[in-house]
Amino acid sequence: MRGLTGKYLLKRFGMFVLTIWLGMTIIFIIPRLAVGDPTSALLGRLMSKGGNVENSAELIARWKDRFGLDQPLHIQYVRYLYNTITFNQGYSLSAFPATVDDLIQRTLPWTIGLLVVATLISFVLGNAIGALMAWRGTPRPVKSLLPFSLVFTSIPAFMLGILLIWVFSLTLNLLPYAGGFDRKVSPGWNPEFILNVARHAILPALAVVLVRMGSWALGMRGMMITADGEDYMVMAQAKGLSSGRRFWKYGVRNAILPQVTALGVAIGSIAGGFIIVEQIFSYPGIGSQLFRAIQDNDYTLLQGIVFYIIVGVAIAVLILDLTYPLIDPRISLKKN
Amino acid sequence: MSAITADQNPPAQAMTRLKARLDSPWINAKLISGLLLLLVVATTELFGPLIVDPKLALIGSSPTNVVPFWVTNFDKKQGFKAPNLEHPLGTESKGRDMLAVVLVGTPRTLRVGLIGATIGLIVGTALGFIAGFAGGWVDTVISTLADVMLTIPGLAVLIVIASYATELEIVNMGLIMALFAWPLPTRVIRAQVLSLREHGFIQLARLSGASTFDIMFKEMMPNLLPFLAASFTETVALVILATIGVETLGLGPTRIPTLGMTINNALQQAAIFRGMWWWWGPPIVMLVLIFVGLFLMTIGLDEVANPRLRKVRTQ
């Protein structure tokens, strides 16, 4: 691949490993800061809250065996790291004998699908709006309308979600407010099901898109204004290049680069915010599952989900980092 | 030339001075309106206890399901009770007075945001300065750590922490939030320090023998102020967003009502579908005011820091 140097690749991959390792370590440390043996403490808390754990003796035995809880902390840590990265995170406390990984892998596709679509749409729309806001050639009526698209920028996505449900589902009765699909359609690759899934995804996706769009637009506007002030813009105009060519090849092409970097940083917070959006819409993804895990005091599932979220975000950032040199040749040129 | 004219006409001189002062980039409509909005929200801290008894924010302190005072057409089948001026914003299904909940919850939310962001900003600025000045491996370690922390979804880890630390107090909540609030200011300040270091006036100060301390605080700090202020408002918003997120999921402080906890209660009791908009509405209105205020301040401060953004506005 053009522009990918070995050093860059190594550095980015190092960051990827570091992110996952740090995340895992934090998840390992937190429960151990609480006093006592983690498993019995977990079960104790579960029972004190009125939960009933079936086969709890068996659960504890299997647990101790897998984590080596009778052994010193550093061995526990190594075992934990090994088990986690081999996707063997043990059993769910609330749905024993189902394993954490099975439960999560069932809900993961829903989240990834909706999240990727919503993030891409908000990125494209937001940058388009921002670029047009800053561009001198934008027709006046369009320019005066653009700021209205930023109304929802500062509101958390899940709050907008509540308002969207209220307006579109309860008042206007236009779109479904909960779930990923209707019970009456049969899941599978048939058009009826896909259409149904899409209808259910509109409101949650809209909540994320409307909120996220604005920050991209504001960032893009700033970059575009800076690009517009550069000498090469004057030169391009003097050469008689068309307005469209200057906008795309000279303006947007340069202004979009920091935005892609910002996307890498934002993915983590987008994913975090999405957890709550899912819960509001009872969307059958990982966020709703996390909420149920909290309600059931299912700490193993909870930690598993958090691990998956960290890995998912790290992978997204890695992919972004690896494509970055392709759109910005300077990244690799600097090294030579 | 202007000095002579000014001498001859003192009122005109005063006018020019006033104009010059009003021309200051800090007099920015967005910044000021955002600040005013937040001040209005913050007055709940002072006037809240005068308007309503905070005890009414506790479970069972009031009759349940009272509608707000201006509602005349309500569904009695749902168990809603007629409006009552003692509970102007109505009450929810556990017998909390909504006005009290909002007036007690809002200052708490603001406090967590301020505590978390202040500590995050102080630590983040210090690290940003150190990274920018020291360079070398120190810089590599700090910026790598900041990048990694930015990648890890803070909310996800906060959820794990909050699920173990039951009964969190407001201050502890703010401290935990600070763990995830420092990387953003670190990055911003480091980048600014690196670019300022190459400026003529800093090199001149160094050549004339100014100490590193003087360069940091006397030469650089005034130039960094708008950036610091912008990352502060942005960080407050991030911290409040994370706090509300954790609370909406049903974690965090549970003894005293917070805005996020109220939204969580409303969701759990299906308030949206039962038509009890006065349950989830008031906390959301308060939060929207807070977020809009912070947002206006952030973009106002961005314009203070970056004169180019100002020019376009006046075009």
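Residues numbered from 1 in each chain as written. Chains lettered and ligands numbered in written order. Predicted model: local features only at pLDDT ≥ 70, side-chain atom pairs only at ≥ 80, totals over all residues. Heavy atoms only, no water.

Student: So what about the overall build of chain A? Which residues, and what values?
Tutor: Across its full length, chain A carries 13 helices and zero strands. In sequence order, the secondary structure elements of chain A are arranged as α-α-α-α-α-α-α-α-α-α-α-α-α. Of all 336 residues assigned to chain A, the portion counted as buried reaches 51%. Across chain A, every contact between residues at least 6 apart in sequence was considered, and the portion connecting residues at least 24 apart equals 71%. Here chain A displays about 16,400 Å² of accessible surface, and carbon together with sulfur accounts for 66% of that area. (Helix = DSSP H or I, 4+ residues; strand = E, 2+ residues; numbered from the N terminus. Buried < 20%, exposed > 50% of the residue type's maximum accessible area, 1.4 Å probe, protein only. Contact = heavy atoms within 4.5 Å. Areas by Shrake-Rupley, 256 points an atom, 1.4 Å probe, with all protein chains shown as cover.)

Student: Go over the packing of helix α7 (residues 157–171) of chain A against helix α10 (residues 243–280) of chain A with me, naming the residues and quoting the values.
Tutor: Residue and element names in this part refer to chain A. One can describe the packing of α7 onto α10 by two numbers: an axis separation of 8 Å at closest approach and a directional angle of 20°. With respect to α10, the element α7 is oriented roughly parallel. In this structure, α7 meets α10 at a crossing whose hand is right-handed. Contacts between α7 and α10 involve A157, F158, G161, I162 and I165 on the former and, on the latter, I276, V277 and I280. When its residues are assigned to classes, the contact of α7 with α10 shows seven nonpolar, one polar and no charged. (Axes fitted to C-alpha atoms, helices over the stretch in contact; angles between N-to-C directions. Parallel < 35°, antiparallel > 145°, perpendicular 65-115°, else oblique. Left-handed = near helix turned anticlockwise from the far one by under 90°. Nonpolar A, V, L, I, M, F, W, Y, C, P; charged D, E, K, R; others polar.)

Student: So what about the pattern of salt bridges? Which residues, and what values?
Tutor: All names here are of chain A. Considering all chains together, one arrives at seven salt bridges over all chains under this definition. Between R12 and D321 there is a salt bridge, with the nearest N and O atoms lying 3.3 Å from each other. Of this pair, R12 sits in helix α1 (residues 6–33) while D321 sits in helix α12 (residues 299–327), and the two are 309 residues apart along the sequence. Neither R12 nor D321 differs from the other in exposure class; each is buried. (Salt bridge = Lys/Arg side-chain N within 4 Å of Asp/Glu carboxyl O.)

Student: An account of the layout of surface pockets is requested, with residue identities and associated values reported.
Tutor: Residues and elements named next belong to chain A. Put simply, the second largest pocket is a space of about 660 Å³. What lines the second largest pocket is a set of 24 residues, among which L115, V116, I267, G312 and A316 lie closest to the centre. Contributions of two or more residues to the lining of the second largest pocket are made by α5 (100–134), α10 and α12. With nine residues, α12 is the single largest residue contributor to the lining of the second largest pocket. (1 Å grid on protein atoms, 1.4 Å probe; cavity = no way out; pocket = protein on both sides within 12 Å on 5 of 7 lines; lining within 4 Å. Points joined across faces, edges and corners; volume = space filled by probe spheres on them.)

Student: Quick rundown of the interface of chain A and chain B? Include the residues and the values.
Tutor: Facing 50 residues of chain A, the contacting portion of chain B comprises 44 residues. Buried surface at the junction of chain A and chain B, summed over both partners, amounts to about 4,400 Å²; 81% is from carbon and sulfur atoms. Interface area lost by chain A to chain B is led by S154, M159 and I162 of chain A, which between them contribute 12%. Joining chain A to chain B, the criterion identifies zero residue pairs in polar contact (both at pLDDT 80 or more). Of all the elements in the fold, those that place two or more residues in the side of chain A that touches chain B are α1, α2 (38–48), α7, α8 (191–228), α10, α11 (286–295) and α12 of chain A. (Buried area = accessible area lost by both parts, 1.4 Å probe. Polar contact = N/O pair within 3.5 Å; in protein donor to acceptor, adjacent residues only side chain to side chain.)

Student: Describe in detail the packing of aromatic side chains, supporting the description with residues and values.
Tutor: Using the criterion set out here, one finds 16 aromatic pairs over all chains in the structure. With a centroid separation of 5.7 Å and an interplanar angle of 50°, the aromatic rings of F87 of chain A and Y308 of chain A are classed as tilted. Highlighted residues: F87 of chain A in the loop between α4 (73–85) and α5 and Y308 of chain A in helix α12, separated in sequence by 221 residues. Its relative accessible area of 42% is what places F87 of chain A among the partly exposed residues. Put simply, the rings of F129, F133, F213 and F217 of chain B touch in pairs and so form one group of aromatic residues. (Phe/Tyr/Trp six-rings, centres within 6.5 Å; stacked < 30°, edge-to-face > 60°.)

Student: Describe the nonpolar core, naming the residues involved and giving the relevant values.
Tutor: M159 and M224 of chain A together with I159 and I240 of chain B are the most contacted members of the largest nonpolar core, which has 166 residues in total. Here the element with the most residues in this core is α10 of chain A; it accounts for 17 residues. (Core = buried A, V, L, I, M, F, W, Y, C linked by side-chain atoms within 4.5 Å.)

Student: Account for unusual backbone geometry, naming residues and giving values.
Tutor: Residue and element names in this part refer to chain A. Positive phi is not limited to glycine here, since S282 has a value of about 45°. Among the structural elements, S282 can be located in the loop between α10 and α11. The exposure class assigned to S282 is partly exposed, which follows from its relative accessible area of 41%.

Student: Kindly report on a positive patch on the surface, identifying the contributing residues and their values.
Tutor: Residues and elements named next belong to chain A. Taken together, the side chains of K239, R245, K249 and R253 present a region of like positive charge at the surface. One can find R245 in helix α10. Here R245 falls in the partly exposed class, since its relative accessible area comes to 43%. (Patch = residues over 30% accessible without salt bridge, like charges linked within 9 Å, V, L, I, M, F, W, Y side chains within 5 Å. Lys, Arg positive; Asp, Glu negative; His and termini not counted. Charge placed at Lys NZ, Arg CZ, Asp CG, Glu CD.)

Student: Can you lay out α5 of chain A for me, pointing to particular residues and giving the numbers?
Tutor: Taking 1.5 Å per residue as the helical rise, α5 of chain A with its 35 residues ought to reach 51 Å, and the 49 Å between its terminal C-alpha atoms agrees with that figure. Remark: the principal bend of α5 of chain A, roughly 35°, maps to T107 of chain A, with a proline, P109 of chain A, within the next four residues. (Expected span 1.5 Å × (residues − 1). Bend = angle between axes of the 7 residues up to and from the residue.)

Student: I'd love a proper account of the domain arrangement of chain A, names of residues and values included.
Tutor: Residues and elements named next belong to chain A. For chain A, the assigned domains read domain 1 (1–94 + 296–336) and domain 2 (109–285). Contact with domain 1, which involves nine residues of that partner, is made by 11 residues of domain 2. On the domain 1 side of the contact with domain 2, L320, Y324 and I327 bury the most area, a combined 54% of that side's loss. The tally of links from domain 1 across to domain 2 stands at zero residue pairs in polar contact (both at pLDDT 80 or more). Here the side of domain 1 that touches domain 2 gets seven residues from one element, more than from any other, and that element is α12. When the residues that make up the side of domain 1 that touches domain 2 are grouped by side-chain class, the tally is seven nonpolar, no polar and two charged. (Domains from an automatic or database assignment.)

Student: Outline the side chain of T44 of chain B, listing residues and values.
Tutor: Residues and elements named next belong to chain B. Positionally, T44 belongs in helix α3 (residues 29–51). Polar side-chain contacts of T44 include one of 2.6 Å to the backbone oxygen of V41. Other than its neighbours up to four places away in sequence, T44 contacts P49, L103, T106, P107 and M286.

Student: So what's going on with a nonpolar patch on the surface? Residues and values would help.
Tutor: On the surface, a nonpolar cluster with roughly 600 Å² of combined accessible area is contributed by W166, V167, L170, L172, L174 and Y177 of chain A together with F273 of chain B. Along the chain, L170 of chain A falls in helix α7. By relative accessible area, L170 of chain A is classed as partly exposed at 32%.

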